[in-house]
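Architecture at a glance
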Amino acid sequence: MLVRSEVIKVINLKFKMPTQTEAKKRISVSTHVIQAGHGFALLVKKGQTIRITDLEGQQVTDLLAFDAADVAHRFSRAQTKKLNARIWISTGHVLYSNLCKPMLRIGHDTVGKHDMQFSPCGPEDNLIRFGKPGARTCIGNLLEVLKPYEINRNAINEPFGIFFNMEIDTQGECKTRPPLSKAGDFVEFEACMDLLVGLSACPQVFNGCNGHKLSPVKVEVFALAPNATDVSRVEA
């Protein structure tokens with residue numbers, strides 16, 4: 001009988017990312033640069049890879065994922081932590097849905113430190129923590145870009161905080177630190193199903209979660225080339 005860690009390993013290996021050789025045969029599907037402090041939403045097909053690049057360094061991006069066929073089926077941090085048996089995940093780990101279905105698999109992560117503890121910044125917590133309710137927030141960004149898909153406030157409280165650097169001490173105290181990411185660092189996710197993805201280049205300026213500055217984020221989508229000799233290649 002497989003022990004729990006072995007079961008998790010088998011599940012994760014099922015969604016194998018392309019090898020380095022295969023990655024060189026990828027074609028670019030789309031590229032978009034998110035303006036500093038703003039958001040973006042896109043549809044990603046099963047098998048495609050989405051790459052999120054920190055263009056200037058120390059910029060957090062909140063990511064939400066929804067089943068494109070049923071947006072009530074969405075990314076769950078709780079299930080992701082339970083099924084990976086970790087509070088921090090990186091290359092090779094899977095982001096799971098609220099129904100325990102694989103949604104995204106991390107194929108390449110140049111930093112390895114992200115967050116699945118804190119909610120996206122919003123006007124209410126900015127008021128409580130900093131006494132400043134009027135600034136742009138990740139909640140506002142995500143509601144704005146996901147509005148055409150009828151995503152409501154209750155569905156955006158569990159993002160995957162790309163490059164968010166939280167320290168948790170032995171007493172359970174959480175401390176927000178500047179991201180470890182530098183200019184050009186990125187994370188790649190392979191879609192395990194057709195997805196709607198919402199992204200927010202975090203606009204928080206009242207603490208150091210973005211290194212006390214805001215910067216743009218590049219979003220690229222790749223697909224494996226059906227025939228590498230017939231397409232322009234995109235290096236990984």
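You'll find the structure just up there.
Description of the structure in this document. (Residues numbered from 1 in each chain as written. Predicted model: local features only at pLDDT ≥ 70, side-chain atom pairs only at ≥ 80, totals over all residues. Heavy atoms only, no water.)

What to know about the overall build of the protein
- Counting secondary structure elements, the protein contains 5 helices and 13 strands.
- For the protein, the computed accessible surface area is about 11300 Å², with 54% contributed by carbon and sulfur atoms. (Helix = DSSP H or I, 4+ residues; strand = E, 2+ residues; numbered from the N terminus. Areas by Shrake-Rupley, 256 points an atom, 1.4 Å probe, with all protein chains shown as cover.)

What about the sheet that holds strand β13 (residues 217-224)?
- Read across the sheet, 6 strands follow the order β1-β13-β3-β11-β7-β6 without closing on themselves; strand pairing throughout is antiparallel. A strand with exactly one partner marks an edge of an open sheet, and here the two such strands are β1 (26-34) and β6 (94-96). Taking each pair of neighbouring strands and ignoring which way they run, the sheet shows an average axis angle of 25°.
- By the bridge criterion, 5 bridges tie strand β7 (residues 102-109) to strand β11 (residues 186-191) in an arrangement that is antiparallel. Bridge pairing in β11 places D109 opposite V187. (Pairing = 2+ DSSP bridges. Axes fitted to C-alpha atoms, helices over the stretch in contact; angles between N-to-C directions.)

Describing the packing of aromatic side chains
- Enumeration over the complete set of coordinates arrives at 3 aromatic pairs.
- Each ring, one from F118 and one from F164, has its centre 5.9 Å from the other, and the planes form 65°; the classification is edge-to-face. In this pair, F118 sits in the loop between β7 and α4 (123-130) while F164 sits in the loop between β8 (160-162) and β9 (165-168), placing the two residues 46 residues apart along the sequence.
- For F118, a relative accessible area of 28% translates into the label partly exposed.
- For F164, a relative accessible area of 10% gives the class buried.
- On the basis of an interplanar angle of 45° and a centroid distance of 5.6 Å, the ring pair of F130 and F206 is categorised as tilted. Of this pair, F130 sits in helix α4 while F206 sits in the loop between β12 (195-201) and β13, and the two are 76 residues apart along the sequence.
- A relative accessible area of 25% places F130 in the partly exposed class. (Phe/Tyr/Trp six-rings, centres within 6.5 Å; stacked < 30°, edge-to-face > 60°. Buried < 20%, exposed > 50% of the residue type's maximum accessible area, 1.4 Å probe, protein only.)

As for the pattern of salt bridges
- Using the criterion set out here, one finds 7 salt bridges in the structure.
- The residue D125 makes a salt bridge to R129 at a minimum N-O spacing of 3.0 Å. Taken together, the residues span about one helical turn, with D125 and R129 both in helix α4 at a distance of 4 residues.
- For R129, a relative accessible area of 41% translates into the label partly exposed.
- Of the charged contacts, one joins R177 and E167 as a salt bridge, the two residues approaching to 3.3 Å between their closest N and O atoms. Placement of the pair is R177 in strand β10 (residues 174-177) and E167 in strand β9, with a sequence separation of 10 residues.
- R177 sits in the partly exposed class, given a relative accessible area of 33%.
- On the basis of relative accessible area, E167 is assigned to the partly exposed category, the value being 37%. (Salt bridge = Lys/Arg side-chain N within 4 Å of Asp/Glu carboxyl O.)

A look at the side chain of D67
- As for its position among the elements, D67 is in strand β4 (residues 61-67).
- Despite its burial, D67 remains without a salt bridge, the nearest opposite charge being carried by K101 at 9.6 Å.
- Here the side chain of D67 touches A69 through a polar contact of 2.9 Å, landing on its backbone nitrogen.
- Apart from the residues lying within four places of it in its own chain, the contact partners of D67 are H73, M103, M193, D194 and L195. (Lys, Arg positive; Asp, Glu negative; His and termini not counted. Polar contact = N/O pair within 3.5 Å; in protein donor to acceptor, adjacent residues only side chain to side chain. Contact = heavy atoms within 4.5 Å.)

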